[in-house]
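# Overview (structure and organization)
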Amino acid sequence: MLDRRGVLRLGGGLIAASGLPWPRAIASGALLPDVPPARVLKREPGLVEVELDAQVQDASIRGEAGRLWTYGGSFPGRALEAREGDTVRLHFANRLPEATNLHFHGLHIPPTGTADNIWLHIPPDERFTYEFTIPKGEAGTYWYHPHLHGAIARQLWAGLAGPLIVRGPEDERPELAAADERVVMLKDLALEDGLPAPHRPLDWMQGKQGGPVLVNGAIRPRLRARASMLRLRLINACNAKYFRLALDSGQPLHLIATDGHLIEEPMALDDLLLVPGERADVLVPLEHGRPLRLVDLPYDRRIPRYARRETLIEILPSAEAKPLPLPDRLVEVRRLDPQAATCHRLVTMAMFLINGQPFNPDRIDTTPRLDDLELWEVANVGTMDHPFHIHTWYFQVLSRNGRPETTRAWRDMVNLRPGDRVELLVPFGSYSGKSVYHCHVAEHGDKGMMATLEVVT
Ligand code: C2O
Ligand code: CU
């Protein structure tokens, strides 16, 4: 373990570099903090070079001192920002007392080498330089977190998660550019004896949740809008907590992007389910002077105890802002032809098993051919909800329980209730190599609800 003085010294270095007030006091009712960016070493057209470390950091949550695991001394972890087409060079240093690595959740980059390589094992006090190029057309809301098998749940719960925002030409459309854009990372956290509460046996079954929901590290913050339209880039970075988001006024949320990609046109939703790992971009039109609340409604994911209604953000509209219109068309989402699928697969999920087997990193479970379109039928044969995720290659939902999906959208997360059968169309383009698909309740993944996938040529 790092000793206290060592930790404080590292933290101290960062205070000087960034001017952030650490140890940070997390109280209720503060203004929504922006997630501080990772330290940029170089930014030029086509390249962004940043520095990031994983380190232990002291903070105080509602007056209670807590020692969190952080990226760059910040909770949530420091924001990574790039433009589509950019090469990202990220100098990572592991200052944790144990090994870790990084997963760039949702990014369509190689699953190998110095890119989204979850097979890397970075021991304490070691460094690794990640380098990859984000293809054009991949602007969107992503996030990063550790992916060392068996340690993911503990490390994520302790605080290791940060936003990753990719910008592109679509973000410059007038209706989107005029909106007040905020990254909103949601993560619950309970402390015990000054440390993230340890996992208990039942947590591995139910998924660990509890404590206050921290919104960019703050409890029930206020958001003072700078325009009469908000664009919220919502990220569920919880181990297991589901959110069912809504506005307390009864106005809809206007969904514009699912996971990392814009949909064809805004979709008005009375409530929005956001499962662990999932992202959604929503527009919130603000009426003159009328405050709103973003609330989390109860959702039963078939565990004994589930959330009550909770206010996440108090939104205060700006007084002078003029009303802004919602965009009508956004983008064209490529239509995939199920007839063109070269392979149909059935994937079953049940507690700690995928297709009846626990994870074995040395076994290759699924070998799609590069550039093939596959049709996967994912079935939840268990007794609680499981959020399903595929790395690197994202998909469209074709049908749920036999009912065709009406909105065409790219996703890398899809929730399955007990008994659900969901058909996915997955184009395995761009990259070959070995990666995984799994349940994104972090505890379930660590306990074996994960399978390997190797795209072969
Ligand atoms: Cu955020 Cu393997 O996942
Ligand atoms: Cu699960």
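Everything below is about the structure shown above.
Residues numbered from 1 in each chain as written. Chains lettered and ligands numbered in written order. Predicted model: local features only at pLDDT ≥ 70, side-chain atom pairs only at ≥ 80, totals over all residues. Heavy atoms only, no water.

## Comments concerning the overall build of the protein
Quick reminder of the rule: The helix and strand labels rest on DSSP assignments: H or I over at least four residues marks a helix, E over at least two residues marks a strand, and numbering proceeds from the N terminus. The size measure is the radius of gyration over C-alpha atoms, and the globule rule it meets is 2.2 Å times the number of residues to the 0.38 power. Summary of the burial criterion: residues with accessible area below 20% of their type's maximum are buried, those above 50% are exposed, and those between are partly exposed, where the area comes from a 1.4 Å probe applied to protein chains only. Should any heavy atoms of two residues lie within 4.5 Å, those residues are considered in contact. In these tables, accessible area is a Shrake-Rupley quantity obtained with a 1.4 Å probe, and a residue counts as shielded only by the protein chains included in the view. In this tally, Lys and Arg are treated as positive and Asp and Glu as negative; His is ignored, and so are the chain termini. In plain terms, the charge of a residue is placed at NZ if it is Lys, CZ if Arg, CG if Asp and CD if Glu.
Along its length, the protein carries 5 helices and 35 strands. Over its C-alpha atoms the protein spans a radius of gyration of 21 Å, differing by no more than 12% from the 23 Å that the globule rule assigns to 457 residues. With respect to the three principal axes, the spread of C-alpha positions in the protein is 55 × 55 × 50 Å. Looking at the protein residue by residue over its 457 residues, the buried ones come to 60%. Long-range contacts, defined as pairs at least 24 residues apart, comprise 77% of the intrachain contacts of the protein with a sequence gap of at least 6. Summing over all exposed atoms, the protein offers an accessible surface of approximately 17,800 Å²; the carbon and sulfur share of this is 51%. Measuring between centres, the 53 positive side-chain charges of the protein sit 4 Å from its 58 negative side-chain charges.

## Some remarks on the pairing of strand β3 (residues 47-61)
Cut-off, in case you're wondering: Any two strands between which DSSP finds at least two bridges are classified as paired.
The buried fraction of β3 is high, at 14 of 15 residues. Here strand β2 (residues 39-44) pairs with β3 via 5 bridges, running antiparallel. Across the sheet, residue Arg 43 finds its bridge partner in β3, namely Val 48. Looking at chain direction, β3 and strand β6 (residues 87-95) are connected through 7 bridges and run parallel. Looking across to β6, one finds that Glu 49 is bridged to Arg 89. Sheet analysis places β3 next to strand β4 (residues 64-71), joined by 8 bridges and oriented antiparallel. Residue Asp 58 lies in a different strand from β4, and its bridge partner there is Arg 67. Here β3 folds back onto β4 in antiparallel fashion, the turn holding 2 residues, of which Arg 62 has a positive phi close to 50 degrees.

## Regarding the pattern of salt bridges
Side chains carrying opposite charge are able to pair once their charged atoms draw close together. Cut-off, in case you're wondering: We define a salt bridge as a contact between a side-chain nitrogen of Lys or Arg and a carboxyl oxygen of Asp or Glu at a distance within 4 Å.
With the rule as written, the count across this model stands at 36 salt bridges. A salt bridge links Arg 200 to Glu 192, with the shortest nitrogen-to-oxygen separation between them at 2.9 Å. The exposure class assigned to Glu 192 is partly exposed, which follows from its relative accessible area of 31%. With a shortest N-O distance of 3.6 Å, Arg 302 and Asp 385 are connected by a salt bridge. In this pair, Arg 302 sits in the loop between β23 (292-296) and β24 (310-316) while Asp 385 sits in the loop between β27 (373-380) and β28 (386-390), placing the two residues 83 residues apart along the sequence. Under the relative-accessibility criterion, Asp 385 is labelled buried at 0%.

## Observations regarding the coordination of the copper ion (ligand 2)
For the record, the criterion: Each metal's donors are the N, O and S atoms within 2.8 Å of it, or within 3.2 Å when it is Na, K or Ca, and because water is not part of the set, sites may look incomplete.
Within the protein, the atoms that donate to the copper ion (ligand 2) are His 386 (ND1), Cys 439 (SG) and His 444 (ND1), at distances of 2.0 to 2.1 Å. The sequence pattern formed by the donor residues of the copper ion (ligand 2) is H-x52-C-x4-H. A single burial state applies to Cys 439 and to His 444, both of which are buried.

## A short note on the nonpolar core
Worth spelling out the cut-off: The nonpolar core is taken to be a set of buried Ala, Val, Leu, Ile, Met, Phe, Trp, Tyr and Cys residues, with the residues joined through side-chain atoms within 4.5 Å.
Judged by nonpolar contacts, the single largest core of 47 residues is most densely connected at Leu 186, Leu 234, Leu 245, Leu 272 and Val 284. Non-local contacts of Leu 186, meaning those with residues more than four positions away in its chain, are made with Val 213, Leu 214, Val 215, Ile 235, Asn 236, Ala 237, Cys 238, Phe 243, Leu 245, Leu 274 and Leu 312. Ranked by size, the runner-up nonpolar core spans 31 residues in total, among them Ala 38, Phe 92, Ile 134 and Leu 160.

## A look at the sheet that holds strand β21 (residues 272-274)
What counts, and what does not: Note on method: axes are straight lines fitted to C-alpha atoms, helices fitted across the in-contact stretch only, with angles between N-to-C directions ranging 0 to 180 degrees.
In space, the 5 strands of this open sheet follow the order β16-β24-β23-β18-β21, with mixed pairing throughout. Strand pairing shows two members of the sheet lacking a second neighbour, β16 (222-224) and β21, which therefore form its edges. Across the sheet, the axes of successive neighbouring strands diverge by a mean angle of 25 degrees, strand direction being ignored. Strand direction decides the pairing type here: strand β18 (residues 243-247) and β21, joined by 3 bridges, are antiparallel. Bridging from a neighbouring strand, Leu 245 pairs with Leu 272 of β21.

## Quick look at empty space enclosed by the protein
Note the threshold: For each structure, a 1 Å grid was placed over the protein atoms alone; sets of points admitting a 1.4 Å probe that cannot get out are labelled cavities, open sets with protein on both sides within 12 Å along at least five of seven lines are labelled pockets, and lining residues have an atom within 4 Å of a point. Grid points are joined across faces, edges and corners, and a volume is the space filled by probe spheres set on the points.
This model, assessed by the stated rule, comprises 4 cavities of 30 Å³ or more. One number sums up the size of the largest cavity: a volume of about 80 Å³. Lining the largest cavity, in full, are Val 48, Val 50, Leu 80, Glu 81, Ala 82, Val 88, Leu 90, Phe 104, Phe 132, Ile 134 and Leu 164. Residue assignment for the lining of the largest cavity shows that the elements contributing at least two residues are β3, β5 (80-83) and β6. In terms of residue count, the dominant contributor to the lining of the largest cavity is β5 (3 residues).

## Considering the layout of surface pockets
Within this model, the largest pocket holds a volume of roughly 720 Å³. Along the walls of the largest pocket sit 32 residues, with Leu 273, Glu 278, Arg 400, Glu 405 and Arg 411 positioned nearest its centre. Counting only elements with at least two residues in the lining of the largest pocket, the list comes to β19 (253-258), β20 (261-269), β21, β22 (279-285), β30 (403-404) and β32 (413-416). It is β32 that contributes the most residues to the lining of the largest pocket, 4 residues altogether.

## Considering the environment of Pro 146
Mapped onto the elements, Pro 146 comes out in the loop between β9 (140-145) and α2 (152-157). By relative accessible area, Pro 146 is classed as buried at 0%. Leave out the neighbours within four places in its chain, and Pro 146 touches Tyr 71, Thr 100, Asn 101, Ile 152, Gln 155, Leu 156 and Leu 160.

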